[in-house]
Every structure is written in structure tokens, then in C-alpha cells.
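Each chain, written out:
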Protein chains: 2
Amino acid sequence: MKTLRLNSNDKAVLLGSRFFEKLSAAASDAILEGAVVSNHEEHDILFHQDEPVDSVFCVLSGLARVYRLGKDGREADIAVFPRGEIFGENAMFLGNRATANAQAIGSSMIARLDSRNLRRLAEQHPDIAQALMELLCRHGQMAEDCLAEDRLLTAPQRVASYILGHCPDGSTTFSFRLPFQKNVLAGKLGLAPEALSRAFSALRRSGVTVKGRMIEIHDRQALERF
Amino acid sequence: MKTLRLNSNDKAVLLGSRFFEKLSAAASDAILEGAVVSNHEEHDILFHQDEPVDSVFCVLSGLARVYRLGKDGREADIAVFPRGEIFGENAMFLGNRATANAQAIGSSMIARLDSRNLRRLAEQHPDIAQALMELLCRHGQMAEDCLAEDRLLTAPQRVASYILGHCPDGSTTFSFRLPFQKNVLAGKLGLAPEALSRAFSALRRSGVTVKGRMIEIHDRQALERF
DNA sequence: AACGTAAATTGACCTCGATCAAACAATTCC
DNA sequence: GGAATTGTTTGATCGAGGTCAATTTACGTT
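Residues numbered from 1 in each chain as written. Chains lettered and ligands numbered in written order. Predicted model: local features only at pLDDT ≥ 70, side-chain atom pairs only at ≥ 80, totals over all residues. Heavy atoms only, no water.

## Quick look at the domain arrangement of chain A
All names here are of chain A. The condition is simple: Residue ranges labeled as domains rest on an automatic or database domain assignment. Throughout, a contact is declared for two residues whenever any of their heavy atoms are within 4.5 Å. Here the buried area means the combined drop in accessible surface, using a 1.4 Å probe, for two parts upon being joined, counting both sides. The working definition used for a salt bridge is a side-chain nitrogen of Lys or Arg within 4 Å of a carboxyl oxygen of Asp or Glu. Under the rule applied, a polar contact is a pair of N or O atoms within 3.5 Å (in protein, one hydrogen donor and one hydrogen acceptor; residues adjacent in sequence only if both atoms are side-chain atoms).
Under the domain assignment used here, chain A contains domain 1 (3-142) and domain 2 (153-225). For domain 1 versus domain 2, the separation of C-alpha centres amounts to 28 Å. If you look at the interface, domain 1 gives 4 residues, while domain 2 gives 5 residues. Around 350 Å² of area is buried between domain 1 and domain 2 when both sides are counted, 77% of it from carbon and sulfur atoms. Counting the surface domain 1 buries against domain 2, the share from its top three residues, Leu63, Asp77 and Val80, is 83%. Taken together, the links from domain 1 to domain 2 amount to 0 salt bridges. The tally of links between domain 1 and domain 2 comes to 0 residue pairs in polar contact (both at pLDDT 80 or more).

Here's what the structure looks like:
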């Protein structure tokens, strides 16, 4: 598969991401030194669990899914990353071995940053180390949030929580478009697609309208109470 | 509640922990500057979700449990930390607000390290930053492991996995003592105590003997297959 | 050792969500 | 535009695990 250097558009996506926002231009440039971009089709594997990985990844367009495989071949999503999100940084601290699989969802552009370079830079520049710590912390939090939701909430409650996460605080009524297919959302929430579908229809009774990928909320409080 | 300075024994536990193992004595001393110790009884709250926290914690003896509360008052364990483990470091990177609750399990001694001090030191000393990154990464991994197990394994399989995690690689037969009560293990595995009990009795058919807190494995492969 | 309390087990029941199958909707591709 | 493919919904069934209640076991205390 072909890899290219970053063009200016790719660079703009990276620099606009959460990870780079507090870093100086010089620091960012140093991190992006030697970065490459590749195009992927649906289901292309980015890395395999337990195999060596010497990059940190960033979604430039499309989506990436990080998941684990069970003995029986079933898959469990750990996280889904949209454009601008960095992932795969864990391997950097664990002997450059991936602890999960990652694949592209839909056709996606993925940047690879050299993890050895990044580590070296983190040693020299406290602000880069700081940015890395914040990244690790956010990702840890994401996993903890998922774990807590899985253990505390029913399927409709998890869906309600997901919707509320996209709804600005003030508004009672609100609508947005799902950033991916429903089967992806189902995986992210730890549900079978059928269960997600049923959860949506349970929420219909609480003022949630679903038409294709469009979600409308008519009564925020009702959702919060759910 | 009374807090004391570290005595030499406390210090030995801290320095023997994973976090400090690669750090120089000077670095460790700097981190422990101003650290205090407190004694806690069963169920003492160490910190509350969403409240300010300006320490990083370390278990000197006993156990600490980190958990989230559901709207209905139900609790979901995020992690259980034994002696020598550091926790509560997430708040350091999230505006000094706890993202979960923590309490002592049984009577425990807990050290508090000043997180502002630790942050400042991490800026100055790359090896301390490195140790922090590894800590964050391990904790993130723990949460991801839990999430994947919850989603991929049944109760007996999770228990089998827990047991195998305590069994050295070579041996077919093996025994060990649970480091805490079964209801704690149940919580850690995301199970009701009854479900843990039934899981143990299901494993009995695969060569696992349970007597009080003692666990005996007679056939490692059978467990792995489960 | 015996008591009292807390923990663990067992049984009965029930709910939630997985799975399978089929109908239906929405795409992509000629 | 229509066929073919893929995604989504719905229905029916089933099993895992939660909950409640009743015992039984283990443990700390005197």
C-alpha cells in the first residue's frame, strides 16, 4: 500500500487536533518530521494485536476502530476515532507491541507519526511530554467511561447518554447527524445492531426521532431521566 | 482524620512500587517531599467523583477501590488497587477533579503525594514524566482489558481469566490465596456476588477447587479452554 | 470453644440483550 | 431506472446474569 508525505491539508488536520493545540509550531513540526499518510479502504487493518507497531496514528479523514478479538472470533470495540484523533500511542510504552487491533471504517486517510521520534522529543520537551500525558489520560478516561456505562446502564440508557453527549447544555430541543453508520455506533456502545435499533425505538417514547442518520431530540429532560 | 509524615517503612513500600522502580533516589525523594499518610477503616471515602483532588494516592497497606456511582445508587468498580499501587493520578490532568469515587476496603493505610509538586517535577525531569506516562498507560490498559473482558467473556470465563492471571506459565497445577474477599472480586469482575459463586462452581467441573479464599487449579489447559 | 455477625452459597424467578430468521429500506452499480 | 448488495428493523426464542429470599459457612470476639 502506498504511503505519501503529509500535504498542507493533512498538516492542517493534525495541527487542529486536540493533541497539538497547546504545542508550539516548532514542537509540532518536529513531531511531524517523517510522518507519512496512507489511504485505506473499509476494513483495512492498521495493526494487529500483539504485533510490533512503531507508529502513532492519526485519523485525517474517515474513521478508525480499535477492537479486541475474542477466542471465538467475536470482536469488542475499545474505541472509535473520528478525524483529528490520535490513537495507538499505548504501544509506545509497552515495548512497541499493540494491545488491540485497529482497522479503517469506510475509506479513510491515516497519518503515521514515528513513535521513536515522538518519545525522544517527549524527553527533551516537557510540553510534548505533557501533551502525551493528557492524551493517555483522556484515552484512559474514555475506557473507564465505557466500562462504567456498560456496567451501570441499560442499552436505551447508553444510547440516551450518547445522544446527550452531542446535545449542547442549554437547549431542550436539538438535532444532529450520526457521524457513522448505526452498526458502528452499536459496536461502540457494546451492543448488537438489533439492540441499538430496539433502544432507539424505546427512546421514541421519550421524544427522540430517528430518520436514517438524523437524530432529533424534543425533550432533553425526558432523556436525562431515562 | 489524622495524617502523619512517611516513616521508613512507608517509604520502603512506595519505593518498591512499580512507579518508582526506575526512578533515581533523588527523584523519588523529591516526589515524596511533603507526602502524608492516613489510616482508614473499611468504606472510608478517599475522594468523591467531581470533587477537587490535589493528591495522587498510594496504597501502603490494605486495598483501595475506585468506582463510579449510577443515578440509582448502584456502584461500578473501575479498579481495585493493592499495596504498592498508585491511583487517582487522572485528576492531575483534568483540572484536579476526580472522575470517580475511591474508598478503602478493609482497614488501609494510604499515602498522599502532592500532585502539584509531582507535576512540576515531571516538567523538569523527563524520567519522572516517563514514569507518569507509563503509569497512565498501564491504567488505561487495565480499563481496556476490563472492557474487552466484559464484552467478550462470560462470568465463568472472566473468573478463569482472573485465576490464570495468578498462575505462573509453566505449571499445570497451582494454588493461591485470594488477596481479598469474594465480594470484592465480584465487583472487580463486574459481577454480583451470587454470579461469582456460580461461576466458581461451574469451574469446579474444570478442575478448580475453592475452599474459602484458597483457589487450587488442577488442570491449567482445561481452564484456558473454558 | 461457643457465640454472633458478616460473608458466601443455593434456589427460584425474571429481565435484558444476544442470536437467528425474515422482512424491509437504502445504498451502490450497471 | 432497476438489480443487486448492504444496512436496518422487527419478531421470536433463548441464555446469561441480576435480584430476592433462605440457608449455610466462615470468621472475629469474648
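## Details of the packing of helix H5 (residues 155-164) of chain A against helix H7 (residues 193-204) of chain A
All names here are of chain A. We count it as follows: Lines fitted to the C-alpha atoms define the axes, with helices restricted to the stretch that makes contact. Angles between their N-to-C directions range from 0 to 180 degrees. The helix and strand labels rest on DSSP assignments: H or I over at least four residues marks a helix, E over at least two residues marks a strand, and numbering proceeds from the N terminus. Oblique is the label for any angle not covered by the other classes, which are roughly parallel (under 35 degrees), roughly antiparallel (over 145) and roughly perpendicular (65 to 115). Amino acid classes used here: Ala, Val, Leu, Ile, Met, Phe, Trp, Tyr, Cys and Pro are nonpolar; Asp, Glu, Lys and Arg are charged; the rest, including Gly, are polar.
It is the contact of H5 with H7, at a shortest axis distance of 9 Å, that shows an interaxial angle of 75°. Accordingly, the angle class assigned to the pair H5 and H7 is roughly perpendicular. Contacts between H5 and H7 involve Ala155, Pro156, Val159, Ala160 and Ile163 from the former and Leu196, Ala199, Phe200, Ala202 and Leu203 from the latter. Per-class residue counts for the contact of H5 with H7 are 10 nonpolar, no polar and no charged.

## As for the protein's contact with DNA strand C
Under the convention used in this document: A cutoff of 4 Å decides nearness: a residue is near a molecule or strand if any of its heavy atoms lies inside that distance of it.
In the region of DNA strand C, 16 residues are neighbours, and Thr154, Ala155 and Arg198 of chain A together with Lys182 and Ser197 of chain B sit closest. Each atom of DNA strand C within 4 Å of the protein was assigned to sugar, phosphate or base; sugar and phosphate come to 66%. At a separation of 3.3 Å, a phosphate oxygen of DNA strand C approaches a polar backbone atom of Ala192 of chain A. Ser197 of chain B is positioned such that a nitrogen or oxygen atom in its side chain is 2.8 Å from a sugar or linking oxygen of DNA strand C. If you list the elements that add at least two residues to the surface near DNA strand C, you get H5 and H7 of chain A together with helix H6 (182-188) and helix H7 (193-204) of chain B. Classifying every residue of the surface near DNA strand C gives 5 nonpolar, 5 polar and 6 charged.

## Quick word on the sheet that holds strand S8 (residues 174-177) of chain B
Residue and element names in this part refer to chain B. Rules: In short, DSSP must find at least two bridges between two strands for them to pair.
A sheet is described by the order of its strands in space; here 3 strands give the open sequence S8-S10-S9, paired in antiparallel fashion. The sheet terminates laterally at S8 and strand S9 (208-211), the two strands that pair on one side only. Averaged over all pairs of adjacent strands, the angle between their axes in this sheet comes to 15°, without regard to strand direction.

## Considering the interface of chain B and chain A
At the junction of the two partners, chain B supplies 42 residues and chain A supplies 42 residues. Summed over both sides, the interface of chain B with chain A buries roughly 3700 Å², with 58% coming from carbon and sulfur. Across the chain B-chain A interface, the total number found is 4 salt bridges. Between Asp150 of chain A and Arg151 of chain B there is a salt bridge, with its nearest N and O atoms 2.8 Å apart. If you look at where chain B meets chain A, you find 19 residue pairs in polar contact (both at pLDDT 80 or more). Counting only elements with at least two residues in the side of chain B that touches chain A, the list comes to strand S4 (55-69), strand S5 (75-81), helix H3 (115-124), helix H4 (126-152), H6 and helix H8 (220-225) of chain B. At 19 residues, the largest contribution of residues to the side of chain B that touches chain A is made by H4 of chain B.

## What to know about unusual backbone geometry
As a reminder, the rule being used: Three labels apply to residues, based on accessible area from a 1.4 Å probe with only protein chains included: buried if under 20% of the type maximum, exposed if over 50%, partly exposed otherwise in between.
A positive phi angle, near 75°, is found at His43 of chain A, a position not held by glycine. By the element assignment, His43 of chain A lies in the loop between strand S2 (36-40) and strand S3 (45-47). Residues other than glycine seldom take positive phi values, yet Asp50 of chain B does so here, at roughly 75°. Relative to the elements of secondary structure, Asp50 of chain B occurs in the loop between strand S3 (45-47) and S4. The class for Asp50 of chain B is exposed, based on a relative accessible area of 53%.

## Quick look at the pattern of salt bridges
Residue and element names in this part refer to chain B. Here the structure, examined in full by the defined rule, presents 24 salt bridges over all chains. A salt bridge links Arg158 to Asp150; its shortest N-O distance comes to 3.7 Å. Judged by relative accessible area, Arg158 falls into the buried class, the value being 9%. Looking at Asp150, the relative accessible area reads 18%, which means it is buried.

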